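Architecture at a glance
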Amino acid sequence: MSEDAEKKQCGLVQVYTGNGKGKTTAALGLALRAAGHGKKTCVIQFMKGEIYYGELGAANMLSPYLDIVQMGRPDFVNKNNPDPRDVRLAGEALALARDVLAARKYDIVVLDEINVALDFGLIETDDVIALIDKKPAETELVLTGRYAKKEIIERADLVTEMTEIKHPYNAGVEARIGIER
């Protein structure tokens, strides 16, 4: 089998980034499609925790094909002065990602908002690159969040940038249950 043919059969690295809405939603859509084919997905959510998002209920309905683990506090992270708990939780999320990849239990692993955790300095770029480089060949790895680093984009096989054209938040519409959360 040629190298190109082999790559088509193995897991790739995908990045969903940009300032537009839909990065997490795209990753969850991929998980939904995979579940329909009997594939299992683990979503590790960086910087998200203790807030009920609709995808948590959906994951319960799609069990055992979709697992979501929140690794954050319910508060916003201060980029200029992150709480030590945010740094610790992001480090724990990255360690969990390493363990999940090494266990080879999932066909897809989504690291939701990992690009933001990198941009905020909660974790190191070199550690994420090492994780990408050690990804099992058969596992699809998806990294979401704004501000994807150049080094991450270069390692990826697919990069999609969501661009905001218009958003209801700018007109005063708060996040709606079942739509944005």
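Each remark here, short or long, concerns the structure printed above.
The rules we used
- Residues numbered from 1 in each chain as written.
- Predicted model: local features only at pLDDT ≥ 70, side-chain atom pairs only at ≥ 80, totals over all residues.
- Heavy atoms only, no water.
- Patch = residues over 30% accessible without salt bridge, like charges linked within 9 Å, V, L, I, M, F, W, Y side chains within 5 Å.
- Areas by Shrake-Rupley, 256 points an atom, 1.4 Å probe, with all protein chains shown as cover.
- Salt bridge = Lys/Arg side-chain N within 4 Å of Asp/Glu carboxyl O.
- Lys, Arg positive; Asp, Glu negative; His and termini not counted.
- Charge placed at Lys NZ, Arg CZ, Asp CG, Glu CD.
- Helix = DSSP H or I, 4+ residues; strand = E, 2+ residues; numbered from the N terminus.
- Core = buried A, V, L, I, M, F, W, Y, C linked by side-chain atoms within 4.5 Å.
- Buried < 20%, exposed > 50% of the residue type's maximum accessible area, 1.4 Å probe, protein only.
- Contact = heavy atoms within 4.5 Å.
- Pairing = 2+ DSSP bridges.
- Axes fitted to C-alpha atoms, helices over the stretch in contact; angles between N-to-C directions.
- Phe/Tyr/Trp six-rings, centres within 6.5 Å; stacked < 30°, edge-to-face > 60°.
- Lys NZ or Arg CZ within 6 Å of the ring centre and 35° of its normal.
- Arc of directions from axis to C-beta.

**Digging into a negative patch on the surface**
A cluster of acidic side chains, namely Glu-124, Asp-126, Asp-127 and Glu-151, defines a negative patch on the protein surface. Its place among the elements puts Glu-124 in the loop between helix H5 (114-119) and helix H6 (125-133).

**Considering the nonpolar core**
Core analysis: the biggest nonpolar cluster contains 32 residues, and Ile-44, Phe-46, Leu-111, Ile-123, Val-128, Leu-141 and Leu-143 have the highest contact counts within it. Residue assignment for this core shows that the elements contributing at least two residues are strand S1 (13-17), strand S2 (41-46), helix H4 (84-103), strand S4 (108-112), H5, H6 and strand S5 (140-144). At 6 residues, the largest contribution of residues to this core is made by H4. Beyond its immediate sequence surroundings of up to four residues, Phe-46 is in contact with Met-71, Ala-90, Ala-93, Leu-94, Leu-111, Asp-112, Glu-113, Ile-114, Ala-117 and Ile-123. Residues Ala-27, Val-43, Ile-68 and Val-142 belong to the second largest nonpolar core, which totals 15 residues.

**Quick notes on the sheet that holds S4**
Spatially, the 6 strands line up as an open sheet ordered S3-S2-S4-S5-S1-S6, and their pairing is parallel. Every other strand in the sheet has two partners, leaving strand S3 (66-71) and strand S6 (158-161) as the edge strands with one partner each. Sheet twist, expressed as the mean angle between neighbouring strand axes with direction ignored, is 15 degrees. Sitting on the sheet, helix H3 (residues 54-61) is in contact with S2 and S3, with an inclination near 145 degrees to S3.

**A closer look at the packing of aromatic side chains**
Scanning the entire structure with this criterion turns up 0 aromatic pairs. One residue, Lys-48, lies across the ring of Tyr-53, its end atom 5.5 Å from the ring centre. Its end group placed over the ring of Tyr-147, Lys-79 keeps NZ or CZ at 5.6 Å from the ring centre.

**Regarding H6**
Three or four residues apart is the spacing at which side chains of an α-helix point the same way, because the helix has 3.6 residues per turn. Within the span of H6, buried status applies to Thr-125, Val-128, Ile-129, Leu-131 and Ile-132. End-on view of H6: buried residues confined to an arc of 155 degrees, all on one side of the axis. Where H6 is buried, its residues meet S1, H4, S4, H5, S5 and helix H7 (150-155).

**Overview of unusual backbone geometry**
Of the consecutive residues Ser-63 and Pro-64, the connecting peptide bond is found in the cis state with omega at 10 degrees. Inspection of the secondary structure puts Pro-64 in the loop between H3 and S3. Its identity is not glycine, yet Met-47 carries a phi of approximately 65 degrees, on the positive side. Position of Met-47 relative to the elements: it lies in the loop between S2 and H3. Taking relative accessible area as the criterion, Met-47 reaches 22% and is therefore assigned partly exposed. At Tyr-147, a residue that is not glycine, the phi angle is positive and equals roughly 65 degrees. For Tyr-147, the location among the structural elements is in the loop between S5 and H7.

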